[in-house]
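Below are the chains, spelled out letter by letter.
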Amino acid sequence: MSRSPFATYVGLTIALLAAAMLSAKGDEVGVGEDAILFGQAAALEGPSSALGQRMRQGIVAAFTEINAKGGVHGRKLQLISRDDGYDPDRSVTQTLRLIEDDKVFALIGAVGTPTAIATIPITSTRNIPFIGPFTGAEFLRDLELPNVVNIRASYGAEAEAWVKHLTEDRRFTRIGIFYQDDSFGRDGLLGVKRALARRGLELAAEGTFERNTRAVAAALRMIKRAEPEAVVMVGTYGPCAEFIKLARRSGFSPTFVNVSFVGANALAGELGPDGEGVVVSQVVPFPWDRSLKLVADYQRAQQAFDPTLTPDFVSLEGYISGRLAAAALERAGPQPTRASLLRTINDIGRFDISGTIVTVGPRMIDTPPKVFLTVIQKDGSFRAVDRL
């Protein structure tokens, strides 16, 4: 959590704009007599839409559950979602609309690293809470960004889990990487290189693809020539599924390992019978494990919101984000402000969400979120594993 150049830029921007941001202030923006308004800018349509839609479903399920119990200090929690198509420029536009036109109190459930890089300066200069982004980007974990509330592990932590499994459990030494050619993919690439370097290894091959496309053939040719034993994948479900299917049909069948951001259930759906044996790392509990009160509550809330929905990892993450926001608002008191909410979150740092402790803010340094591995079964379901 060292100070990054990006965080330094944000800090300077905040300092320069501080005078402009100070004004006579009455009631907090987005906090009404009977409601508190949250905003989400995420991919709701297009090739990555399953990610934004499922994050939204989880958040709304959590809010619906809280509202049925009377809300928070008598106020109902409401969500406005706007589609950014997983595009940084569109995300800026939609984030500004949420802040300036919709006048939301806080942002929640954003999706993606490149979109976050584009929008974080907007939220940070205004000290607007940015809760539960669906990204493990390292820069979001910088302590110079106190308005960002992460609940998930970093991509670096996921990369360490992959490489540990592949090198220690499987005894592989030749590992390739397929990644999205942008800030998200490069964050994953750096994490993998560091994890390999700790073991005296280097990547056997690299291949990239362009965001929001399925143009993976060139990357497949590049990686296949090196004959790696495993390919780790940093992308969304569409291109990763395309890569795996093309690879297997060409006779190339290494162990495939995917980042949690892929959207595990969407990936399994895209792959069909080609999904068997594909590994996906996860950063939230197993969404079918009803022995966990958190999961049982999530499933109950999801069914109450929409009986047609089925459990999945992404919507569980959205649910946890929604529950965390509600828990922090409860602790912040009956007259919440953006500043008091963030102060509460960062000062407390540990929240009990249905018996599961969610650690946020500076406390994540000492108690980082967990990462575990799952493997897709023949029928498209998932099995949690410690060792494969």
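Every residue gets a number counted from 1 within its own chain, in the order that chain's sequence is written. Totals for whole chains, interfaces and linings use all residues, but because this is a predicted model, local features are given only for residues with pLDDT of at least 70 and pairs of side-chain atoms are given and counted only at 80 or more. To obtain the side-chain values, all non-hydrogen atoms of the structure were included, while hydrogens and water were left out.

(A) Spatial organisation of the nonpolar core. Throughout this description, the term nonpolar core refers to a set of buried Ala, Val, Leu, Ile, Met, Phe, Trp, Tyr and Cys residues connected via side-chain atoms within 4.5 Å. Throughout, exposure labels follow a simple rule: accessible area from a 1.4 Å probe, protein chains only, divided by the maximum for the residue type, with under 20% read as buried, over 50% as exposed, and the rest as partly exposed. With 105 residues, the main nonpolar core has F38, F178, F243 and L267 as its most contacted residues. The numbering of helices and of strands both runs from the N terminus, where a helix is a DSSP run of H or I of at least 4 residues and a strand a run of E of at least 2. Looking at which element gives the most residues to this core, the answer is helix α11 (residues 313–332), with 10 residues. We call two residues contacting when some pair of their heavy atoms lies within 4.5 Å. Not counting chain neighbours up to four residues away, the residues in contact with L267 comprise Y237, C240, A241, N258, V262, V278, V280 and I376.

(B) Just helix α12 (residues 338–348), in detail. Listed as buried for α12 are R338, S340, L341, L342, T344, I345 and I348. Tucked inside the fold, the buried residues of α12 contact β4 (130–131), β5 (148–149), α11 and β11 (350–353). Downstream of α12 by one or two residues, G349 has phi in the positive range, about 75°.

(C) Up close: the confidence of the model for the chain. pLDDT measures how confident the predictor is about each residue, on a scale from 0 to 100. For the chain, per-residue confidence averages 93 on the pLDDT scale, and residues scoring 70 or more make up 93% of the total. Low pLDDT, under 50, characterises residues 5–26; the predicted model gives this stretch 18 contacts beyond four residues in sequence or across chains.

(D) Inspection of the packing of helix α10 (residues 293–305) against α11 at higher detail. For the pair α10 and α11, interaxial distance at closest approach is 11 Å and the crossing angle is 95°. The orientation of α10 relative to α11 falls into the category roughly perpendicular. Packed against α10, whose contacting residues are L294, V295, D297, Y298, A301 and Q302, the element α11 presents S315, L316, Y319, I320 and R323 at the interface. In terms of residue class, the contact of α10 with α11 is made up of seven nonpolar, two polar and two charged. Think of each axis as a best-fit line through the C-alpha atoms, taken over the contacting stretch in the case of a helix, with angles from 0 to 180 degrees between the N-to-C directions. Convention used here: angles under 35 degrees read as roughly parallel, angles over 145 as roughly antiparallel, angles from 65 to 115 as roughly perpendicular, and any remaining angle as oblique. Three classes are used, and their members are as follows: Ala, Val, Leu, Ile, Met, Phe, Trp, Tyr, Cys and Pro are nonpolar, Asp, Glu, Lys and Arg are charged, and the others, Gly among them, are polar.

(E) Structural context of the sheet that holds strand β14 (residues 382–385). Only strands that DSSP links by at least two bridges are regarded as paired with each other. If you trace the seven strands from one edge of the open sheet to the other, you get β7-β6-β8-β9-β10-β13-β14, paired in mixed fashion. Each having just a single partner strand, β7 (205–209) and β14 make up the two edges of the open sheet. Strand after strand, the sheet turns through a mean of 25° between neighbouring axes, direction not considered. Taken together, the four bridges between strand β8 (residues 230–234) and strand β9 (residues 255–258) define a ladder with parallel strand orientation. Following the sheet pairing, V231 is matched in β9 by F256. Relative to the sheet, helix α8 (residues 237–249) contacts β6 (175–180), β7, β8 and β9, its axis offset from that of β9 by approximately 180°.

(F) View of the environment of G277. Structurally, G277 can be placed in the loop between α9 (264–271) and β10 (279–282). Residue classification places G277 among the partly exposed residues on the basis of a relative accessible area of 34%. Sequence separation between G277 and R225 is 52 residues; the distance between their C-alpha atoms is 22 Å. Not counting residues within four places of it along the chain, the set of residues in contact with G277 comprises V375 and I376.

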